[in-house]
Each structure stands twice: as C-alpha cells, then as structure tokens.
Amino acid sequence: MNIGIIGAMEEEVTCIKEKMNVISSRKICNIDFYIGTFSGSPNSVFLARSGMGKVNAAICTQILIDMMAVDAVINTGVAGSMRNDIHIGDIVISKNTRYHDFDTTEIGDEPGIISRMDTSIFEGDPTLIATAQKVAAELGVQNFTGLIVSGDQFVANGEHKKAICDFYAPLCCDMESAAIGHTCYLNNVPFVNIRAISDNAEDNAVVDYPTFFASMAEIAGNIVEKISCSIA
Ligand code: ADE
C-alpha cells in the first residue's frame, strides 16, 4: 500500500522522517517529499511538508495522488481546541472536516457551504479512524473523534472562537485538514486527520502555540507512524 503523510511545517515532518528509512526525496512545487518505509511494515511511505494553509495543503494532496499514486492520506499536525474538555496534549481524529471561512452568505448560502458542490463536509475514512483510535488508546493518549474545521486564519481570540463554535460546534480548528479532506473527496481517496492540541484558540494561543508546537507535533507524528504501520 502507498501511504501519503502530510505535515504542514518542518517540525511536523522531521519527527516522522527520523523514523523512516528514506530511500529518495523530491521537491515539487516547493514541497519536499520523502519516499521510503517504516521498519516492520511493507507499506511505501510518501511524506510531504506541504506548507501552511488550504492551497498548499490541497496542492500537496493532489501531487501525492497524481504523481505518487497514494492509496490513502494521513494528515499530521497541531490544532487549537474549540471545546473546554479538550486540552493541550489531547488528540483529535477527524470524523469529518469542513471550512469555517468559506462565506457566500451574500448570495444566499449558509456560512461554510461550498456553493453548488454536493457536499461541504468531508468524511474521514472509517477504517483509518478506527485504527487511529486504537493506536491512541494503546499509547494512553486522550483522544476525541469529531469535526475539525479549517480556515486560512490562526484563531487566537475568544470572540472569533465563539463565533466558529456557535455555528459549527467543532472539536478543534486548524489551517489544512478540510483542504486535504476536500482534495481526497474529489479524488475518492480515503483520508484521516490526526491533530494534537497545541493551544485553546483564545488570547493565550500566541504564547501556548510556540511553547507546545514541537512537542505536540511529535505526539501526532508518533500516532501517524503507528497507523501507517497498522494498515494493509
Ligand atoms: N493550529 C494550531 N493552533 C491553531 C489555531 N489556534 N488556529 C488555527 N490553526 C491552529
């Protein structure tokens, strides 16, 4: 099986690359790809550092699908908590994912609806979700499965967070998950997003995010490596 793994930032990717037997690397559209395996697994791994935000994530996903023929995409990274019971260090697994910043309300749509598309909510793959839940439980990591919302915005403000929560009721927010889910949906490729909570998306996020980013990226990366070795 060919497995695509996407992290947005260097730290999210390096902690996984260190566990890989890297056979080759490529740069396409300024995205670094590392191709290899994990010891003890027959799967081929295509690890990519997409860069931040929705467009970078979508381009990266499409390259993995078109040029590297991946059978599944696993996204690793960090996220801001959108619920009081989800804390820094917890893991969120995407049951599904959607945009919180897609807005054509002026022409009559509900917020977050992608006008004239058959869905605006992209469903994670049930087998990948179940595997992620099992791996997280085995590692003793508190984990939640539900909606992840994405936008080209770092949320670090109580009012902004409340507005997103009031309408979408997500578990966490990030900047790539929905774009990866959207691209996988259009290509009929299974995906899951695995996000470790680095901050609570309120004012102190600007302090918590840089403090916890690297260690949280490692927690998510560890789970993603184990999922990649568990699926066949
Ligand atoms: N990734 C991690 N924390 C985030 C936040 N507060 N907003 C958007 N993306 C994030």
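Let me sum up the structure you'll find in this document. These numbers come from a predicted model, not from an experiment.

### Digging into helix α1 (residues 10-17)
Move 1: Where α1 is concerned, the buried positions are Glu12, Val13, Cys15 and Ile16. Within α1, the buried residues cover an arc of 160° as seen down the axis, which keeps them to one side.
Move 2: Close packing links the buried residues of α1 with β1 (2-7), β2 (20-28), β3 (31-38), β4 (44-49), β5 (72-81) and α6 (205-230).

### A closer look at the packing of aromatic side chains
Move 1: Taken as a whole and assessed by the stated rule, the structure comprises 6 aromatic pairs.
Move 2: Plain terms: the ring middles of Tyr99 and Phe122 are 6.5 Å apart, the flat faces sit at 70° to each other, and that makes the pair edge-to-face. Residue Tyr99 is located in strand β6 (residues 91-99), and its partner Phe122 is located in strand β7 (residues 122-123); the two are separated by 23 residues in the primary sequence. The burial state of Tyr99 is the same as that of Phe122; both residues are buried.
Move 3: With a centroid separation of 5.0 Å and an interplanar angle of 70°, the aromatic rings of Phe154 and Tyr209 are classed as edge-to-face. Here Tyr209 lies in helix α6 and Phe154 lies in the loop between β8 (143-150) and α4 (158-168), a separation of 55 residues in the sequence.
Move 4: Residue class for Phe154 comes out partly exposed when judged on its relative accessible area of 37%.
Move 5: Following the ring pairs from residue to residue traces out a cluster consisting of Tyr99, Phe102, Phe122 and Tyr185.

### What to know about empty space enclosed by the protein
Move 1: Enumeration according to the criterion identifies 2 cavities of 30 Å³ or more in this entry.
Move 2: Taken as a whole, the largest cavity encloses approximately 200 Å³ of empty space.
Move 3: Val78, Phe154, Asp174, Met175 and Tyr209 are the residues nearest the centre of the largest cavity, which is lined by 20 residues in total.
Move 4: At the level of secondary structure, the elements contributing two or more residues to the lining of the largest cavity comprise β5, β9 (172-174), β10 (191-199) and α6.
Move 5: Here the residues of the lining of the largest cavity sort into 12 nonpolar, 3 polar and 5 charged.
Move 6: Each pocket or cavity is described by its volume, and for the second largest cavity that value is around 30 Å³.
Move 7: Forming the boundary of the second largest cavity are Glu10, Val13, Thr14, Lys17, Asp32, Tyr34 and Arg49.
Move 8: Elements represented by at least two residues in the lining of the second largest cavity include exactly α1 and β3.
Move 9: Considering every element that reaches the lining of the second largest cavity, the biggest residue donor is α1, with 4 residues.
Move 10: Split by residue class, the lining of the second largest cavity holds 2 nonpolar, 1 polar and 4 charged.

About the cut-offs
Residues numbered from 1 in each chain as written. Predicted model: local features only at pLDDT ≥ 70, side-chain atom pairs only at ≥ 80, totals over all residues. Heavy atoms only, no water. Buried < 20%, exposed > 50% of the residue type's maximum accessible area, 1.4 Å probe, protein only. Helix = DSSP H or I, 4+ residues; strand = E, 2+ residues; numbered from the N terminus. Arc of directions from axis to C-beta. Contact = heavy atoms within 4.5 Å. Phe/Tyr/Trp six-rings, centres within 6.5 Å; stacked < 30°, edge-to-face > 60°. 1 Å grid on protein atoms, 1.4 Å probe; cavity = no way out; pocket = protein on both sides within 12 Å on 5 of 7 lines; lining within 4 Å. Points joined across faces, edges and corners; volume = space filled by probe spheres on them. Nonpolar A, V, L, I, M, F, W, Y, C, P; charged D, E, K, R; others polar.

None of this, on its own, says anything about what the molecule does.
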